[in-house]
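Next come the chains, spelled out residue by residue.
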Amino acid sequence: MSAHDSQQGQERSAVPNEQWAWGDGLATITDSGKVLDCWFPEPKLGRVPADRDRFVAPKALADEAHDDPRRGVRVTPVVVESNLSAAVESTLDAYLRLHLFSHLLVKPHGQNLTGLFAHLPENAWTDLGPMDAEEISLRLPALRRGGIQVYAIDKVPRLLDYLVPEKVRIADGGRVRLGAYLSPGTIVMHEGFVNFNAGTLGPSIIEGRISQGVVIGAHTDIGGGASIMGLVATDSDQRVFVGERSLIGANAGIGFALGDDCVVEAGLYVTAGTKVTIIGEDRTVKAGELAGVPSLLFRRNSLTGAVEVFSRSD
């Protein structure tokens, strides 16, 4: 686990006490008993119903139970219940929480993710599902004979291996992680990337990178090659979000909260600590002091190199 990934999984959000979720799932478990992942086709908020028999799986999931000796795993039904205000307790718990984001049941920052990465195993991902990364060398000959491809080794899998978001276009499935929150009308282009606990609150075009913890407002365009700092990469203690109807130009980026109807010109990267000159006020401030202010245009003066900002509503 990298230090970056470890820190990204340690968010404790303002979650109401005793907020619960549950779901029937299909867990992938190794021959040695290690849980690799879990698929929850219809997770729900609340507690497991009192009249529900936890030991009897829905027929649709029970029929999918099987052993796969090629990967050294068995796939078996489970029922999982999680207290979203508490720290993550297990791999099954971690996967349920990622599914809640992608099923649009919980918005980014809407649940406690403390301990998430500690409970996500580093899997080898194949076109048949996950396997223990430590067993690749042992099983690779059999995988090759069976035409089974190992396409990644990672903790967080591809979103499209678990669900297809409604009315969302994803040009490259490998660039959107499970746990991404993608509202209907979102378009993620070929070079776009969306991490878990991040996403869009309405129709948006994502041609750049949305890091963990970043939220994009409706009708906003993140230009090609643009990048937005995540929770641990910023030089500010503010959450990074982009307001509605805003534009971050190609190869540009931000490290602070951008308001509605704002524009960052192509190629300009503005962090919270960047000194910007406010046109018309003859003063310079840190960009973070303008967090959330609507209708601003950030640009670089082509003669002096200074970063400038002025109101688009004037």
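Predicted model, so just to flag it, every value in this text is computed and none were measured.

A.B. asks: Would you mind going over the environment of valine 73 with me for this structure?
C.D. replies: Examined against the element boundaries, valine 73 turns out to sit in strand S5 (residues 73-83). In this structure the C-alpha to C-alpha distance between valine 73 and proline 49, which are 24 residues apart in sequence, comes to 30 Å. Excluding its chain neighbours within four sequence positions, the residues that come into contact with valine 73 are Thr28, Ile29, Thr30, Asp31, Leu36, Asp67, Asp68 and Pro130.

A.B. asks: Looking at this structure, how should I read the domain arrangement of the protein?
C.D. replies: Many authors give the size of an interface as the accessible area that is lost as the parts come together. On domain assignment, one finds that the protein holds domain 1 (19-49 + 57-154) and domain 2 (169-311). Its C-alpha centre places domain 1 at a distance of 32 Å from the equivalent point of domain 2. Opposite the 14 residues of domain 1 that make contact, domain 2 presents 17 residues. Both faces considered, domain 1 and domain 2 share a buried interface measuring about 1300 Å² in area, 68% of it formed by carbon and sulfur atoms. Together, Leu104, Pro108 and His109 form the three largest contributors to the area buried by domain 1 at its contact with domain 2, with a combined 47%. Taken together, domain 1 and domain 2 are joined by one salt bridge. Note that arginine 177 is salt-bridged to aspartate 154, the shortest N-O span being 3.0 Å. The element best represented in the side of domain 1 that touches domain 2 is helix H3 (residues 91-102), accounting for five residues. Among the residues making up the side of domain 1 that touches domain 2, the classes are represented as nine nonpolar, three polar and two charged.

A.B. asks: Even after reading the chapter, I still don't get the confidence of the model for the protein, so can you show me in this structure?
C.D. replies: Detail in the predicted coordinates should be disregarded across regions flagged by low pLDDT. Mean pLDDT over the protein stands at 91; residues scoring 70 or higher make up 92%. Every residue in residues 1-10 is under pLDDT 50, and counting partners more than four places away or in other chains gives 19 contacts.

A.B. asks: Before we go on, may I ask you to explain helix H4 (residues 136-145) in this structure?
C.D. replies: Think of an α-helix as turning once every 3.6 residues; residues three or four places apart then point the same way. If you check which residues of H4 are buried, you get Ile136, Arg139 and Leu143. In a view along the axis of H4, the buried residues occupy a sector of 85°, so they form one face of it. For H4, the exposed residues lying more than 90 degrees away from the buried face are Ser137, Leu138, Arg144 and Arg145. Contacts from the buried residues of H4 go to strand S6 (123-126), strand S7 (129-132) and strand S8 (150-154).

A.B. asks: Any chance you could explain the pattern of salt bridges here in plain terms?
C.D. replies: Pairing between side chains of opposite charge can happen when the charged atoms of each approach one another. In total, this model carries 16 salt bridges according to the counting rule given. In this structure, aspartate 68 and arginine 71 form a salt bridge, with 2.9 Å as the shortest nitrogen-oxygen distance. Taking the relative accessible area as the measure of exposure, aspartate 68 reaches 4% and is therefore buried. You can call arginine 71 buried: its relative accessible area is 3%. The structure contains a network of salt bridges with shared partners spanning Asp31, Glu135 and Arg139.

Parameters at a glance
Residues numbered from 1 in each chain as written. Predicted model: local features only at pLDDT ≥ 70, side-chain atom pairs only at ≥ 80, totals over all residues. Heavy atoms only, no water. Helix = DSSP H or I, 4+ residues; strand = E, 2+ residues; numbered from the N terminus. Contact = heavy atoms within 4.5 Å. Domains from an automatic or database assignment. Buried area = accessible area lost by both parts, 1.4 Å probe. Salt bridge = Lys/Arg side-chain N within 4 Å of Asp/Glu carboxyl O. Nonpolar A, V, L, I, M, F, W, Y, C, P; charged D, E, K, R; others polar. pLDDT = per-residue confidence, 0-100. Buried < 20%, exposed > 50% of the residue type's maximum accessible area, 1.4 Å probe, protein only. Arc of directions from axis to C-beta.

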